[in-house]
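# An overview of the molecular structure
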Amino acid sequence: MSQIFTTTIASSLVALVEQLGDTRYHGCTVEAWVFSDRASRQAAEASLRAMGVQARIHSAYKPLLHFFLEDVPQDGLLEPIVPSESADSLEAIEITYPVREHADPKRFLLEAYPLAALIRCDNLTFTPGDGEQDHYTVTAHWVSGEVRRFSVFAPNHVHVSACETTYLSPTGWLRVDDRAGNRVHDERFTTDYEKAFASVMTQIQRHDWLAQGPYFEQLKIHVAAPVYDEPIGYGHEVISLKEALHEDLYFSVQEWFKFREGKDLNARNSQPGQIIPLIDAAEGPDYAIEIRLGHHSEGLIRDAEYDAPTLALDTVGAPLPVALVGQALADIPGQIIEVSAYSGRTVRAKYHPGADKAVMISGGQHANETTGVVGALRAATVLAQQAEAHFVISPLENPDGYALHQMLIQDNPHHMHHAARYTALGDDLEYRTGEALYEKTIRHRAVEHSGAGLHLNLHGYPSHEWTRPLSGYVPAGFEMWTIPKGFFLIVRHRDTPEWAEYAERFIHELTLALGHLSDVLALNRAQTALYQQHAGETGFQIINDFPCLISAVTQCDVPLQIITEYPDETIYGEDFIAGHDVQTATVLAAYQIHQRLSQPEH
């Protein structure tokens, strides 16, 4: 590997303590907002207290959520003033959230997620604010008639990205009141977290890249960050500044190469190479950054050295090792189909001929979505035992992304790792065109062998909130997928009235067939309700308690495609098993419906 950049970013908390430790701040009251975990912020507060400075150091990331997690219990803010009353006498809480220029109208509502699931108050309402306010207003009502209001500052700044996009993003801030209570300082400052991100982006822009992609095999961005993940006590939700930095760096670098090529920033066919942010914990208080160029051959060596024990698929509680995927596929009778991925790894499928109408089953297109890989193998194993079964299975379409995901979860198993989403070329294989199709060829070969009229394409999405805090907070192009909303079904059909009618009938029957999965229905209802509270209108249909999205496509290899979306990124154990249980059940139910219904001829 060749190094192209290395640097260290000094700690913002250490700098704040040094700055505010000056005698002129003694007796002052200080509030600061930084991107640091709670323990580090509390340690800095204690250091300043020992110097005679009363300081409260807040999180610049999700400030309203942190207000309820930290300030409310620490200061007893929602305890009634009248001592005889209990905390349960809270009657209502009203939260007014900012609506700002250069931000989606619902952005600050989304940033409050998952507050609606954490607050112990049945009457909780969120209302958009008027004007360009820079804070949330929390109004608490007690049954006694007592009313208290709190203002929660949300520091943000307007900036222009490397792709010339204007964003409103969270940022650092410092407020100082003197001994008399006069505000003597109230300004933004750039935190270490922001500097680390900007440093990487600056070097990416300055580097002398090739004239056209792929520009590299692997671009490894290693950041040692002095922050630790903090579970918040709801579902799989964790405050993880490391994960957020991974996501923001990955998509920002990817977008910059698209911008350089003159493509839309949401295009999925750019091929810069494999972008790999490696974010781990720093040993000291500072950030350490190193950018290197690497080669796929290093990963291929690791693949060859790896061996895996045999496991029963229905009890697998974590993403399957590559060797186990191969073993399970080998056990399914049928004709082997093989193509090569860009890196040289092999993509394998099995064609199982029969008298039934053929179905194509695939998983691992987006390689960090892992329950579909297991679900595809489990369903194919069941179908192979049926006398007339006719299918082709390709359980792992993106082996390069999957190998990267296997590596990334060794250090951060509970991060979503979207760097592993796409192929080693950096594109989404479904959107690849041209002569060199590599992984995508497996789909064409599958259709050629089987003549499948239905494609069951098993996917997943984050099981906890997905953010890009330094690029406007909401992941651009993926606004619908920022927070979980249950087991989601996407239907894509050939663009004719006949296929539109058929698709509607198919998804109705499929959701009815899955109606016995009571745990899945409960998950759908709970997550969809919370989604509506924090993201507003869903933009999708609810069909028999399943969130669904139906659309027509003008170009398709198979006239009907069912895409499953289970909130599986970062789940393990029983939760992971529940995920591939429903993936398996969906394939088996859809297969039977496909046999029963008559497809349109055109």
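Further up the page is the structure itself.
I will try to describe carefully the structure that is included in this document. (Residues numbered from 1 in each chain as written. Predicted model: local features only at pLDDT ≥ 70, side-chain atom pairs only at ≥ 80, totals over all residues. Heavy atoms only, no water.)

Counting its regular elements, the chain contains 15 helices and 25 strands. Taking 25 Å as the expected radius of gyration for a compact globule of 602 residues, we find that the chain reaches 26 Å, a close match to that expectation. The buried share of the chain, taken over its 602 residues, is 57%. Contacts in the chain between residues far apart in sequence, at least 24 positions, make up 78% of those at least 6 positions apart. Treating the 43 positive side-chain charges of the chain as one cloud and the 80 negative ones as another, the clouds have centres 2 Å apart. (Helix = DSSP H or I, 4+ residues; strand = E, 2+ residues; numbered from the N terminus. Rg over C-alpha atoms; globule rule 2.2 N^0.38 Å. Buried < 20%, exposed > 50% of the residue type's maximum accessible area, 1.4 Å probe, protein only. Contact = heavy atoms within 4.5 Å. Lys, Arg positive; Asp, Glu negative; His and termini not counted. Charge placed at Lys NZ, Arg CZ, Asp CG, Glu CD.)

So, about the packing of aromatic side chains. One pass over the full model with this rule turns up 25 aromatic pairs. Look at phenylalanine 35 and tyrosine 193: their rings are 4.9 Å apart centre to centre, the planes differ by 20 degrees, and that puts the pair in the stacked class. Residue phenylalanine 35 is located in the loop between β2 (29-34) and α2 (38-50), and its partner tyrosine 193 is located in helix α6 (residues 192-206); the two are separated by 158 residues in the primary sequence. With centroids separated by 5.7 Å and ring planes inclined at 55 degrees, the aromatic side chains of tyrosine 531 and phenylalanine 540 adopt a geometry described as tilted. Taking the relative accessible area as the measure of exposure, tyrosine 531 reaches 4% and is therefore buried. Members of the aromatic cluster, connected to one another through ring pairs, are Trp209, Tyr215, Phe216, Trp256 and Phe257. Across the ring face of phenylalanine 153, the terminal group of arginine 175 is positioned such that the distance to the ring centre comes to 4.0 Å. (Phe/Tyr/Trp six-rings, centres within 6.5 Å; stacked < 30°, edge-to-face > 60°. Lys NZ or Arg CZ within 6 Å of the ring centre and 35° of its normal.)

Once that is clear, we can look at helix α11 (residues 399-411). Counting buried residues in α11 gives ten out of 13 residues, a clear majority hidden from the surface. For α11, the complete set of buried residues consists of Pro399, Asp400, Gly401, Tyr402, Ala403, Leu404, His405, Gln406, Leu408 and Ile409.

With respect to the element layout, histidine 455 can be found in strand β21 (residues 454-462). At 2.7 Å, the side chain of histidine 455 forms a polar contact with the side chain of serine 362. Beyond its immediate chain neighbours, meaning those up to four positions away, histidine 455 contacts Met360, Ser362, Arg443, Val558, Leu560, Gln561 and Ile562. (Polar contact = N/O pair within 3.5 Å; in protein donor to acceptor, adjacent residues only side chain to side chain.)

Here we come to the pairing of strand β24 (residues 546-553). Bridge count between strand β22 (residues 488-494) and β24: six bridges; the pairing is parallel. Residue pairing for β24: arginine 492 is matched across the bridge by serine 551. Pairing between strand β23 (residues 541-543) and β24: three bridges, direction antiparallel. The partner of isoleucine 543 across the bridge, within β24, is phenylalanine 546. Adjacent in sequence and paired antiparallel, β23 and β24 are bridged by two residues, among which asparagine 544 carries a positive phi angle near 50 degrees. (Pairing = 2+ DSSP bridges.)

Another aspect to go through is the sheet that holds strand β11 (residues 183-189). Taken together, the four strands give an open sheet; going across it, the order is β3-β2-β10-β11, and neighbouring strands pair in mixed fashion. Where the open sheet ends on each side, the last strands, each with one partner, are β3 (54-59) and β11. Across the sheet, the mean angle from the axis of one strand to that of its neighbour is 10 degrees, orientation sign disregarded. Relative to strand β10 (residues 172-177), β2 is paired through five bridges, and the arrangement is antiparallel. Among the inter-strand pairings, valine 30 is bridged to a residue of β10, identified as valine 176. (Axes fitted to C-alpha atoms, helices over the stretch in contact; angles between N-to-C directions.)

Moving on, we get to the pattern of salt bridges. Applying the stated criterion across every chain yields a total of 26 salt bridges. Here aspartate 22 makes a salt bridge to arginine 24, at a shortest N to O gap of 3.5 Å. Here aspartate 22 falls in the partly exposed class, since its relative accessible area comes to 33%. In this structure arginine 24 comes out as exposed when scored by relative accessible area, which is 57%. (Salt bridge = Lys/Arg side-chain N within 4 Å of Asp/Glu carboxyl O.)

A general feature of soluble globular proteins is that nonpolar side chains tend to end up buried together. Formed by 92 residues in total, the largest nonpolar core has its most connected members in Leu64, Phe68 and Ile95. The leading source of residues in this core is helix α7 (residues 241-261), at nine residues. Apart from the residues within four sequence positions on either side, isoleucine 95 is in contact with Leu64, Phe68, Leu115, Ile119, Leu124, Thr125, Phe126, Thr127, Tyr136, Thr137 and Val138. If you look at the next biggest cluster of nonpolar residues, it comprises 55 residues, including Leu313, Phe391, Phe506 and Ile507. (Core = buried A, V, L, I, M, F, W, Y, C linked by side-chain atoms within 4.5 Å.)

Moving on, we get to the environment of leucine 458. For leucine 458, the position within the fold is in strand β21. In this structure leucine 458 comes out as buried when scored by relative accessible area, which is 2%. Counting along the chain gives 183 residues from leucine 458 to isoleucine 275, while the straight-line C-alpha distance between them is 24 Å. Not counting residues within four places of it along the chain, the set of residues in contact with leucine 458 comprises Ser362, Gly363, Gly364, Gly372, Gly375, Ala376, Thr564, Gln583 and Val587.

Once that is clear, we can look at the pairing of strand β19 (residues 359-363). Counted residue by residue, β19 has five buried out of five residues, so it is predominantly covered. Residue alternation in β19 divides its side chains into two sets, Val359, Ile361 and Gly363 and Met360 and Ser362, and both sets are buried. One ladder, built from four bridges, connects β19 with strand β20 (residues 391-394); its direction is parallel. Looking at β20, one finds that valine 359 is bridged to phenylalanine 391. Between the parallel pair β19 and β20, the chain is carried across by helix α10 (residues 371-383), and the sense of this crossover is right-handed. Sheet topology places β19 next to β21; five bridges connect them, and they run parallel. Of the residues in β21, the one forming a bridge with serine 362 is asparagine 457. (Right-handed = clockwise from strand over helix to strand, strands pointing away.)

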